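What follows is each chain in one-letter form.
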Amino acid sequence: QVQLVESGGGLVQPGGSLRLSCKLSGDRFSDYKMGWYRQAPGKSRDLVATITRSGSPNYADSMEGRFTISRDDTENTVALQMNNLNAEDTAVYYCYGMRVGWSWQEYWGQGTQVTVSS
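To start, this report covers the structure provided alongside it. The numbering scheme is per chain: residues are counted from 1 as the chain's sequence reads. Note on the predicted model: pLDDT of at least 70 is required for a residue's local features to be given, and 80 or more for side-chain atom pairs to be given and counted; whole-chain, interface and lining totals, by contrast, use all residues. Remark: hydrogens and water are excluded; side-chain values derive from all non-hydrogen atoms of the structure.

### What about the nonpolar core?
Put simply, buried Ala, Val, Leu, Ile, Met, Phe, Trp, Tyr and Cys residues joined by side-chain atoms within 4.5 Å make one nonpolar core. Using a 1.4 Å probe on the protein chains alone, a residue whose accessible area is under 20% of its type maximum counts as buried, one over 50% counts as exposed, and one in between counts as partly exposed. If you look at the biggest cluster of nonpolar residues, it comprises 29 residues, and the most contacted ones within it are Met34, Trp36, Leu80, Met82 and Tyr93. Where this core is concerned, the elements lending two or more residues are β3 (18-25), β4 (32-39), β5 (45-51), β7 (67-72), β8 (77-82), β9 (91-99) and β11 (112-116). Here a helix means four or more residues in a row that DSSP labels H or I, a strand means two or more in a row labelled E, and each is numbered from the N terminus. Considering every element that reaches this core, the biggest residue donor is β3, with four residues. The contact definition used throughout considers only heavy atoms, calling two residues in contact when any of these lie within 4.5 Å. If sequence neighbours within four positions are ignored, Leu80 has contacts with Leu18, Arg19, Leu20, Trp36, Val48, Ala49, Phe67, Thr68, Ile69 and Tyr93.

Right, here's the structure in full:
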């Protein structure tokens, strides 16, 4: 069965950086559009970034320039490099995958906490 497992979250000071990683298992990774979403307490789950099967990224306006999404089809992973973090980036970050061109089924990881605080 398809699973998405995130790693790399934690506590970081304002201005710092973190790199999140998500590994897909149970299916052919290259068939998936991947992405990252985040949800702060009491808020909706919002887009951070997505990346197509061919590697083309898409970013929410507030993230572009600070965050970089990438994928490694040899490792079945998608990563999110987060730089110049601020307190407003504090949230649970969720990995997302969509099977493109067949079932179009969507999958979510369990989430990883990112806390930006001094």
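Once you've had a look at it, read on.
### Section: the packing of aromatic side chains
Two aromatic rings, drawn from Phe, Tyr or Trp (for Trp, its six-membered ring), form a pair once their centres lie within 6.5 Å of each other, and the interplanar angle then sorts them: stacked below 30 degrees, edge-to-face above 60, tilted otherwise. Taken as a whole, this structure holds four aromatic pairs when the rule is applied. For the ring pair Tyr37 and Trp108, a centre distance of 5.1 Å and an interplane angle of 70° mean the geometry is edge-to-face. With Tyr37 in strand β4 and Trp108 in strand β10 (residues 106-108), this pair connects stretches of sequence that are 71 residues apart. Its relative accessible area of 17% is what places Tyr37 among the buried residues. Overall, the relative accessible area of 36% leaves Trp108 in the partly exposed class. Through a chain of ring-to-ring contacts, three or more aromatic side chains come together here, namely Tyr37, Tyr96 and Trp108. Note on criteria: charge over ring means Lys NZ or Arg CZ within 6 Å of the ring centre, with the direction from the centre no more than 35 degrees off the ring normal. Positioned above the aromatic ring of Tyr94, the side-chain terminus of Arg45 is 3.6 Å from the ring centre. One Lys or Arg, Arg45, reaches over the ring of Trp108 and ends 4.6 Å from the middle of that ring.

These figures capture arrangement, not role.
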